[in-house]
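Coordinate inspection notes
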Amino acid sequence: MSKLVRLEIDGKPVEVPAGTLVINAAKTVGIEIPAFCYYDGLTLQGACRMCLVEVEKSPKLVTACTLAAAEGMVVRTQTPQVVQARKAMLEFLLTNHPLDCPVCDKGGECELQDLTFRYGLGESRFLETKVHVPEKQWSAVVYYDAPRCILCYRCVRICKEGMGVSALAVVSRAVDSEIAPNMGDHLYCDECGMCIDICPVGALTSQDYRYQTRPWEMKHVGTICTHCADGCTTTLGVYNNRVIRGNNHDRTGLNGEFLCVKGRYAHDFIAHSERLKCPLMRVDGKLVEVSWSQALAEVAARFGGIRSRGGKFGVIGSTRTTNEENWYLQKFAREGLGTGNIDHHRSGDVISLLSALKGRADALAATSDLYERKAALVIGSDLAQQHPLVAFQLRANWRHHESHIYTVTRGPVREDAYSRLRVRAEAGRELAAAKSLRQALQAEPELLILFGDCVRGAAVHELVEFGDSLGIPVRYICLVDYVNSRGAMDMGLTPGLLPGYQPAAAPGLDLAGMLAAADLDALWVVGANPLKNAALAAERAFVVVQDLFLTETAARADIVLPAACAYEKTGTVTNVCGEVQRLSRAVTTMGAKPDLEIFRSLAARMGLDLGEPETDRVYAEMRRQLPVPAAGEAARGVVASAGDTLFTSGTLGRYCGVLRNVREAPGGLYQ
Amino acid sequence: MPYNEPSPLEVKVLTRRFGLADSASLDTYLATGGYEALKKALGMTPGEIIEEVKLSNLRGRGGAGFPAGTKWGFVPRDSARPKYVVANGDEGEPGTCKDRLLMEYDPHQLIEGMAIAGLAVGAHAGYIYVRGEFRYIIRILERAVEEARGRGYLGGNILGSGFGFEVYVQSGAGSYECGEESALLESLEGRRGVPRIRPPFPAVSGAFQSPTVLNNIETYSAVPAIIREGGAAFAALGTPRNGGTRLFCLSGHLNKPGVYELPMGFNLLRMIHEVGGGIPGGKRLKAVIPGGSSCPVLKAEECDIAMDFDSLAKAKSMLGSGGVVVMDEDTCMVQAARRIMEFYAHESCGWCVPCREGTNWLRRLLRRFHAGEGSRSDIDLIGDVARNILGRTFCPLGDAAAMPTIAFVEKFRDEFEAHLEGRPCPFEGRRREVPAP
Amino acid sequence: MTFSPELEARFEKLLKSYPEGRESSALVPMLLYAQDEIGAVTPELVEEVARRLRLTPAAVESVVSYYSMLRKHPVGKYHIQICTNISCQLTGGEELFEHACRKLGIGNREVTPDGLFSIEEVECLGACSWAPAIEVNYDYHHKVTPEALDRLIDSLRKLH
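Keep in mind the model is a prediction, meaning the values are calculated, not measured. Every chain is numbered on its own, with residues counted from 1 as its sequence reads. Starting at A for chains and at 1 for ligands, labels are handed out in the order in which the entities are written. A pLDDT threshold of at least 70 governs which residues receive local features in this predicted model, and a stricter bar of 80 or more applies before side-chain atom pairs are shown or counted, although totals over entire chains, interfaces and linings include all residues. To get the side-chain values, all heavy atoms of the structure are used, and hydrogens and water are removed first.

Observations concerning the overall build of chain B
So the rule is basically this: Helix numbering and strand numbering both begin at the N terminus, where a helix is a DSSP run of H or I of at least 4 residues and a strand a DSSP run of E of at least 2. Exposure is judged per residue with a 1.4 Å probe applied to protein chains only, and the accessible area is read against the type maximum: over 50% gives exposed, under 20% gives buried, and values in between give partly exposed. Computed by Shrake-Rupley with a 1.4 Å probe, the accessible areas treat only the displayed protein chains as cover when residues are assessed. In this tally, Asp and Glu contribute negative charge and Lys and Arg positive charge; neither His nor the terminal groups of the chain are included. A charged residue contributes its charge at one atom only: NZ of Lys, CZ of Arg, CG of Asp or CD of Glu.
Counting its secondary structure elements, chain B contains 17 helices and 11 strands. Each of the three principal axes of chain B carries a C-alpha extent, and together these read 75 × 45 × 35 Å. In chain B, which comprises 437 residues, the proportion classed as buried is 68%. Accessible surface computed for chain B: about 13600 Å², of which carbon and sulfur atoms make up 54%. Each charge class in chain B can be summarised by its mean position, and for the 51 positive and 53 negative side chains these summaries are 2 Å apart.

Some details on unusual backbone geometry
Working note: non-glycine residues mostly have negative phi, and peptide bonds are mostly trans. Cis peptide bonds are those with omega within 30 degrees of zero, and the linkage from arginine 198 of chain B to proline 199 of chain B qualifies with -5°. One can find proline 199 of chain B in the loop between helix 8 (181–188) and strand 4 (212–216). For the bond from proline 199 of chain B to proline 200 of chain B, the omega torsion is 5°, close enough to zero to count as cis. Summarising the element assignment, proline 200 of chain B is placed in the loop between helix 8 and strand 4. Non-glycine residue arginine 241 of chain B carries a positive phi angle of around 70°. Tracing the backbone through its elements, the reader meets arginine 241 of chain B in the loop between helix 10 (231–236) and strand 5 (245–252). The phi dihedral of arginine 54 of chain C is positive, around 55°, even though this residue is not glycine. Topologically, arginine 54 of chain C is positioned in the loop between helix 3 (43–53) and helix 4 (57–64).

Some thoughts on helix 6 (residues 107–121) of chain B
This is how it is decided: Expected helix span is taken as 1.5 Å per residue step, with the number of steps being one fewer than the number of residues.
Here helix 6 of chain B contains 15 residues, and its C-alpha end-to-end distance of 21 Å stays within 8% of the 21 Å for a straight helix at 1.5 Å per residue. A positive backbone phi angle near 80° is found at glycine 122 of chain B, which sits one or two residues after helix 6 of chain B.

Description of the sheet that holds strand 15 (residues 286–289) of chain A
All names here are of chain A. Put simply, the rule is: We treat two strands as partners when DSSP finds at least two bridges between them. It only takes one pair of heavy atoms within 4.5 Å for two residues to be counted as in contact. Here an axis means a line fitted to C-alpha atoms, over the contact stretch when the element is a helix, while the angle between two N-to-C directions is reported on a 0 to 180 degree scale.
The strand order across the open sheet built from seven strands is 15-14-27-26-25-16-17, with neighbouring strands paired in mixed fashion. In the strand order of this sheet, the two ends are held by strand 15 and strand 17 (342–343), each with one partner. The sheet contact formed by strand 26 (residues 542–547) and strand 27 (residues 559–562) spans four bridges and is parallel. By the bridge assignment, valine 545 is partnered in strand 27 with valine 560. Most of the contacts of helix 19 (residues 595–606) go to strand 25 (residues 522–526), to which it runs at about 145°, and overall it touches strand 25, strand 26 and strand 27.

Brief notes about the packing of helix 8 (residues 323–336) of chain A against helix 19 of chain A
Residues and elements named next belong to chain A. To be explicit about the condition: For classification purposes, angles smaller than 35 degrees are called roughly parallel, those larger than 145 roughly antiparallel, those between 65 and 115 roughly perpendicular, and all remaining angles oblique. It is the rotation of the near helix from the far one that decides the hand of a crossing: anticlockwise by less than a right angle makes it left-handed, clockwise makes it right-handed. Residue polarity is assigned by list, with Asp, Glu, Lys and Arg as charged and Ala, Val, Leu, Ile, Met, Phe, Trp, Tyr, Cys and Pro as nonpolar; anything else, Gly included, falls into the polar class.
Across the interface, helix 8 lies against helix 19 with an axial gap of 9 Å and an inter-helix angle of 25°. Comparing the axis directions of helix 8 and helix 19 gives the class roughly parallel. Crossing handedness for the pair helix 8 and helix 19: left-handed. Counting all contacts with helix 8, which are made through Glu324, Glu325, Tyr328, Leu329 and Phe332, the residues of helix 19 involved are Asp595, Leu596, Phe599, Arg600, Leu602, Ala603 and Met606. Split into classes, the residues belonging to the contact of helix 8 with helix 19 amount to eight nonpolar, no polar and four charged.

Examining the pairing of strand 28 (residues 571–574) of chain A
Residues and elements named next belong to chain A. Judged by which residues are buried, strand 28 turns out to be covered on both faces: Gly571 and Val573 on one side and Thr572 and Thr574 on the other are all buried. Bridge analysis of strand 28 against strand 29 (residues 580–583) gives four bridges, and the strand direction is antiparallel. Bridge pairing links glycine 571 to leucine 583 in strand 29. In textbook terms, the turn of a hairpin is the stretch between consecutive antiparallel strands, and for strand 28 and strand 29 this stretch comprises five residues, one of which, glycine 578, has a positive phi near 85°.

So, the pairing of strand 16 (residues 313–316) of chain A
All names here are of chain A. Of the two faces of strand 16, the one lined by Phe313 and Val315 and the one lined by Gly314 and Ile316 are each fully buried. As paired strands, strand 16 and strand 25 are joined by four bridges and run parallel to one another. Paired with phenylalanine 313 across the two strands is alanine 522, which belongs to strand 25. Where strand 16 and strand 17 come together, two bridges link them in parallel fashion. Along strand 17, the bridge assignment pairs isoleucine 316 with aspartate 343.

Structural notes on the nonpolar core
Heads up, the rule is: Here the nonpolar core consists of buried residues drawn from Ala, Val, Leu, Ile, Met, Phe, Trp, Tyr and Cys, with membership extended through side-chain atoms lying within 4.5 Å.
One finds Ile179 of chain A together with Trp72 of chain B to be the most contacted residues of the largest nonpolar core, which totals 245 residues. If you tally residues by element for this core, the top one is helix 6 of chain B, at nine residues. Every residue in contact with tryptophan 72 of chain B, bar those within four places of it in the chain, is listed here: Ile49, Ile50, Val53, Ala117, Ala120, Val121, Val213, Asn215, Tyr220 and Val223 of chain B. With 56 residues, the next largest nonpolar core counts Val378, Leu394, Val460 and Tyr476 of chain A among its residues.

What to know about the interface of chain B and chain C
To keep things clear, this is the line we draw: Salt bridge, as applied in this entry: a Lys or Arg side-chain nitrogen positioned within 4 Å of an Asp or Glu carboxyl oxygen. Here a polar contact is recorded for every N or O atom pair within 3.5 Å, except that within protein the pair must consist of a potential hydrogen donor and a potential acceptor, and residues adjacent in sequence are included only if both atoms are side-chain atoms.
At the junction of the two partners, chain B supplies 70 residues and chain C supplies 55 residues. There are five salt bridges connecting chain B and chain C. With a closest N to O distance of 2.9 Å, arginine 10 of chain C and glutamate 142 of chain B form a salt bridge. Linking chain B to chain C there are 29 residue pairs in polar contact (both at pLDDT 80 or more). If you tally residues by element for the side of chain B that touches chain C, the top one is helix 13 (residues 333–347) of chain B, at nine residues. Of the residues belonging to the side of chain B that touches chain C, the class tally is 32 nonpolar, 21 polar and 17 charged.

This is the structure:
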């Protein structure tokens, strides 16, 4: 904690740590100093001159965004001179700014509008004609309208500093200055849309939202992004039961202002034309549309029959369904169907990590550690591609706190640009390579270790032993693929472990085992696509699939039940750091049902009593019954990441048009 | 011979070698006392050198007039980082053409001054940043640096003293803003000439984020004389607090325009009539821009003034970079104001709002106004817009654009009124023919 | 992209004039010197300089577009830069500029069809005391009258 300094702003005494900028010091006592170019966490510009204030003993007005609070400083933000200066700056900004606010996407949530309303002149004295420059499209999702641009350089900075991409720069000079993309007339970048989000005006706009609606016409629903495991909040703008846009402009999530291309744009699968809206049943070898009651009755009857004759079930759960659904599904399998054959696609060996840590809960890192810990070791992951929020936070930590990053990867990664040491390791050699960093790591005061699927099983135990041997506090993050990959394990969607990683009395078949079991009588797949790259050995097995789309697995099913997606349901999901967050329902798709509702209907039809299947009740039951994770069991079955990039998202990614349209972007891992 | 005859009224200290055969050569330099000051300085402590410069009352010749010795004193000697000496040869202030001559005719004087500055602050490398248009000057400087290095006046071990100092010449590529010290450093480091947030000032974090002394060419060029003859002797040439001589660039409506080295405090009217040979055609004096285009214009009746930093500040103008632009009775002040604003609007780096938008607005207003399409309220608007820029920009370029504009409007309002509503410029047709060379 | 040995030597010297790791400081002069040799800052030149200085082409582009002497399109063999700033304006710089345009039949920043001449109205060249001043390529000419300019243009034309 740095030393406190006392100063006075508009007569109010203020006490802040030395070095605090006056613009932020003022906030602590409820005084707004307007600014465009200032943005928390990005480098200082002093460019927009909106934050000019009077400081005693200074002959000129001073920018509050570049001025550090000092002991005894006397600041005035409301004097006639300051008020006049703000009016002048706004008048300047509006000289060439088109007043197309009624049709501008930003109208209604535009900082220039807002500050003009609060601090501006009623009219402009600018009588010259405004210079028009045609709008430019820079990528499938980014548009730039130069006359609207007020040159605050936020986009340039968030791209360079925040994202580490540097796809934007200022070109020309004087009044001709404008922002330009890195490829001359187009962008080659992450297509994250951070530049659009951070733009205070309507200079940068996004393809999905352009001219769609007005911000006040939308319902804004903050929920958790359904793609990767980082657990970002995306605030979905909903109009007429349609998701128009995603952003995190309100900074409500643990992602702060951050969102990647998926969180921002890849919600278009919701309204994809191939979305299943009616149950399908195989009749004469072909899937035909049937009613929900018909489909459910068929499943209940077949499941009931197989159960009563002691048949063999296989249940494959999802990495995108909620904890409540997963809890309920494993209960359904174990108690309702009497099978221990339950698994899901595991992408990281959390199980071995928990086992190796032997209950040391403080050795599991939280998302906040990414920004706060003094050093981090990344093993076997291209974070910018696979875990964009993790990458963003580590980069922010390095920028703001000069934290040390170490990387052990198969190929080049973005972290190379600022990592303290980097090691290239062939697949399978990652752990050994990480150990070669011992000397440097030992010198760190603390360490965060992030590891991908290349470290699994015994290697995880070895890694934890290595961590323990460093003699410094170490926290771990086991990187997993999807929004609830972690939750699927927590909730016991594994053959050997019950919820809370309690050993099962009689471990069942794992995923591969189920697919290979020729005597399987029924396979129930909830939100997964195991048959994408594998065959089902039991040709005669009765297959039930709950999904959004007719995937390879659904196409093999006897009954397909159209499921609601994460944006259409409530419940909780658990991110890569084990943080449990709530989903909010943004829209509904007629005909599709949340998986939990499907389970409930099936249970009812089968006469099973599995507890109250309301999301909140299941959550309460989970809270009551879920033991503290304390596994002793080593992982069984396959652990492999799907290797998604920024522009893929498992099977779901196929139905995200935007992800396939941003072709200019660098897509592969380790490039 | 340089571009103009010297004047008998000149006090030639920095320009004393101008006109000598081969004045830029090391031999000529050595034959006329060259590098004596460096030898002397090698026997002095850094503190003594800085003290001598302070004693000389040498004030920065780039325009701001900051005391050079004080500036050198700001460099933290105990910093572990390397230190640098940078010479600003980005001469671009309209009305100013003196640094060019100092570099062209006496490059070794500049190099010697920089080496002494290096000794004073503990720097071992210096950069001369020269505007891109001065290509031939760059060649002269590079030759001089080679010569000096060849004979041990530069290099790893100067004159066997153990002190090492290298000089590099860097070209600009067309940007007035790069004359602003922090923008110059950005350009030197290969970036757009956009100024830096200050503090930190260059003395603490300048070139390559290291402590840096940054002065104008003329400032460094004065240093050898100061060390050689002593600070007091240099100070005595000028007025109190305004030490030494200064190169005045007389241009505009004069019989004998030229660059003349005169003592600080020299009377402006005498400068015009006795040094500059008066106004051609017996025309009357209307106005003078006393220190380059950023300095508020003086009306004829204000011109009986001592040309030093303090006297001009008292008259609400500036000594600036020594560019004295003389305008006779036939000059249209609206046209002059417009042309100057064209310049600032073109040269604004575009970084901050008031300068970028304000200079463009003023440019368009003044164009329209001069074309006879202005209204009475526009006259006040011109002043208002300029005042809205004044004191609020990121760097001094905004003030440089605003100050002269405010002065033109305030002092020559009648001429602005004479342009109102469709009236042709009253000075049209009185435009002069170019004088025969 | 290849450069003349002289230009390569210049680059080499430039790169040695900065502290280690600060080689990108050479960007502005490198672009200008290279432009002198190949006539303009072409996309290939941007690529090449970016590669040598380990910058992105976009970063180089951002710098190129800032400096008024750096240009993306070639000018005439004789690029006549006429100052019309205050000191030159007072002594006939604007008339001289108009005269040059009339004489060559081209406008500002245009090139004659034979590629020999181009005209650019420029800001202060630092020759105020000997105004009006022009620069033809890198050669200064002082106190230039329309007649003197005519003579200069004619003599240059005779060289071809």
